[in-house]
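A closer look at the structure
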Amino acid sequence: MRADRLVAALLLLQQRGRATASELAAELEVSVATARRDLEALSAAGVPVYPQPGRGGGWSLVGGARTDLSGLTSGEAQALFLLVGPAATVSDEAKAALRKLVRALPATFRDDAVAAAAATTIDPARWGDPVRPEPTAVGELRTAVVQRRRVRLTYQGRAAAQSHRLVEPWGLADKDGVWYLLAGTDRGRRTFRVDRIVAAEITDERFGRPEGFDLDAAWADLVEELEGRRSRVSAMVLVDPRHVPILADQFGRHCHEVGRQPDGRVLVRLGGSIPLDIARILAGWGNLVDVVEPQSVRNLLARLGTELVAAYT
């Protein structure tokens, strides 16, 4: 969820006093569902935004319309800056915007707002992993998404050959430091890894997002599809209960507890794209896990064990 969009929604409500989710969606150029989720996020964070049903209803701020941020209480200002503070570290422009928001607050609230903005930091790297640098194309693609302008991509696929494509950039997603572009092409919706984009040239050609397109929903569908491909094979293993959290960390959403066994061990279902992927991870567990099925994973573990014995005896 974009912090700048949350702030924009709040400022629109302060300016108008009341607006429907449809009106906000049109102003922010997002779907109605996304606008509604943003409003609910503001409300959940403690900002006094609430819906009014019926004709003439919509979403409004408690206390009516304001043209600045002076209508917020100290707690509400802190809630807002807790949301937007971590996002402001990404660029000098975001930092400047945050400073302007602070100056728009009543003087008595500013210290607490600054403290709230600095209360949280985001470390995108997993333990033991380096921080992934943001691909250089991300900035250009952000501009193209906001301005609704087509982009000519030079893309390096998994094969050696490069391809050239004209795409409609619908949105960007950052997943664990890896950036993806969701775009419309002459073959329908496609997803591109941004670190494989060799060059991105913004054109003067305008486009419109498909009606009803919601970036959050589209990304969730894509993740579900890809995760399904990564768990085409499953294995049932028995393990001591204290080791289940470690297996869950290694296999992620492809680790599911089935049930406790009479001997106290836990039956766990593990997923992978191929049997060898599962066997390679379980090989490091030695006899701490007992693979019940399938036989293909058991055979691969036996083979890996034989290879290790031959290499180190």
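Residues numbered from 1 in each chain as written. Predicted model: local features only at pLDDT ≥ 70, side-chain atom pairs only at ≥ 80, totals over all residues. Heavy atoms only, no water.

**Digging into the overall build of the chain**
- In terms of helices and strands, the chain carries eleven helices and twelve strands.
- Expressed as a percentage of its 313 residues, the buried residues of the chain come to 37%.
- Excluding contacts between residues fewer than 6 apart, the proportion of contacts in the chain whose partners are at least 24 apart in sequence is 60%.
- As displayed, the chain has an accessible area near 18200 Å², and 51% of this comes from carbon and sulfur atoms. (Helix = DSSP H or I, 4+ residues; strand = E, 2+ residues; numbered from the N terminus. Buried < 20%, exposed > 50% of the residue type's maximum accessible area, 1.4 Å probe, protein only. Contact = heavy atoms within 4.5 Å. Areas by Shrake-Rupley, 256 points an atom, 1.4 Å probe, with all protein chains shown as cover.)

**Comments concerning the layout of surface pockets**
- Here the second largest pocket is characterised by a volume of approximately 160 Å³.
- Along its surface, the second largest pocket is lined by L282, A283, G286, V289, V291, R298, L301, A302, L304, G305 and L308.
- When contributions to the lining of the second largest pocket are tallied by element, the ones reaching two or more residues are α10 (275-283), β12 (289-293) and α11 (295-312).
- For the lining of the second largest pocket, the element with the highest residue contribution is α11, accounting for six residues.
- Broken down by class, the residue content of the lining of the second largest pocket amounts to eight nonpolar, two polar and one charged. (1 Å grid on protein atoms, 1.4 Å probe; cavity = no way out; pocket = protein on both sides within 12 Å on 5 of 7 lines; lining within 4 Å. Points joined across faces, edges and corners; volume = space filled by probe spheres on them. Nonpolar A, V, L, I, M, F, W, Y, C, P; charged D, E, K, R; others polar.)

**Notes on the packing of aromatic side chains**
- As enumerated under the stated definition, the model contains three aromatic pairs in all.
- Measuring from centroid to centroid gives 5.4 Å for Y180 and W219, while their planes differ by 40 degrees, and the two rings are tilted. Here W219 lies in helix α8 (residues 215-229) and Y180 lies in strand β6 (residues 178-185), a separation of 39 residues in the sequence. Both residues of the pair, Y180 and W219, count as buried. (Phe/Tyr/Trp six-rings, centres within 6.5 Å; stacked < 30°, edge-to-face > 60°.)

**Looking at the sheet that holds strand β4 (residues 149-156)**
- Spatially, the five strands line up as an open sheet ordered β7-β6-β5-β4-β8, and their pairing is antiparallel. Two strands lie at the open edges of the sheet, namely β7 (188-193) and β8 (197-206), each paired on one side alone. Strand after strand, the sheet turns through a mean of 45 degrees between neighbouring axes, direction not considered.
- Bridge count between β4 and strand β5 (residues 162-175): six bridges; the pairing is antiparallel. Bridging across to β5, Y155 finds its partner in S163.
- Packed onto the sheet, helix α7 (residues 137-147) meets β4, β5, β6 and β8 and runs at close to 20 degrees relative to β8.
- Contacting β5, β6 and β7, α8 runs over the sheet at an angle of about 105 degrees to β5. (Pairing = 2+ DSSP bridges. Axes fitted to C-alpha atoms, helices over the stretch in contact; angles between N-to-C directions.)

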